[in-house]
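Next come the chains, spelled out residue by residue.
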Amino acid sequence: MSVIPPMPTPAERPSEQVAFHRSELGVILPLYGRMVAAGEWRDYGISCLRDVAIFSIFRRTAEHPLYRIEKRPRLRSRQGMYSVIGMDGRILKRGHDLPGVLRVLERKLIRPVD
């Protein structure tokens, strides 16, 4: 007779998807709105995968994303779980706090006045 192991409780089960929390979207979306108002960005997409959540920012809908804001909880204790990645795949900024990481994108909004 075989023994069936007990079902894991929700606390023991690994989460199936990584997603952005409402407070994190509350930091990202105001920046997105300012950049849309400035005419820099036009569209976004959110992907919730097993290891990473990605907020992709597009200039035009049918293009590759200009920037990707990634949340990787596994890197929480190392480099920081938030990162901003450019179109060419370079990591522009990585850190533990989302507002600090997004400052690299806010600099794109500041332009000299002619």
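Relevant structure appears above.
Peer 1: Got a minute to help me understand helix α1 (residues 22-37) in this structure?
Peer 2: Residues separated by three or four positions in an α-helix point in the same direction, a consequence of the helix having 3.6 residues per turn. The end-to-end C-alpha separation of α1 is 22 Å, in line with the 22 Å expected for 16 residues at 1.5 Å each. All of the buried residues in α1 are E24, I28, L31, Y32 and M35. Backbone geometry just downstream of α1 places G39 in the positive-phi region, at approximately 85 degrees.

Peer 1: Just to check I follow, could you spell out the sheet that holds strand β3 (residues 67-71) for this structure?
Peer 2: Spatially, the five strands line up as an open sheet ordered β1-β2-β3-β4-β5, and their pairing is antiparallel. At either margin of the open sheet sits one strand with a lone partner, and together these are β1 (43-48) and β5 (91-95). Here the average twist between neighbouring strands, direction ignored, is 15 degrees. Across six bridges, the pairing between β1 and strand β2 (residues 53-58) is antiparallel. Residue pairing in the sheet places Y44 in a bridge with I57 of β2. Sitting on the sheet, α1 is in contact with β1, β2, β3 and β4 (82-86), with an inclination near 5 degrees to β2.

Basis of the calculations
- Residues numbered from 1 in each chain as written.
- Predicted model: local features only at pLDDT ≥ 70, side-chain atom pairs only at ≥ 80, totals over all residues.
- Heavy atoms only, no water.
- Helix = DSSP H or I, 4+ residues; strand = E, 2+ residues; numbered from the N terminus.
- Expected span 1.5 Å × (residues − 1).
- Buried < 20%, exposed > 50% of the residue type's maximum accessible area, 1.4 Å probe, protein only.
- Pairing = 2+ DSSP bridges.
- Axes fitted to C-alpha atoms, helices over the stretch in contact; angles between N-to-C directions.
- Contact = heavy atoms within 4.5 Å.

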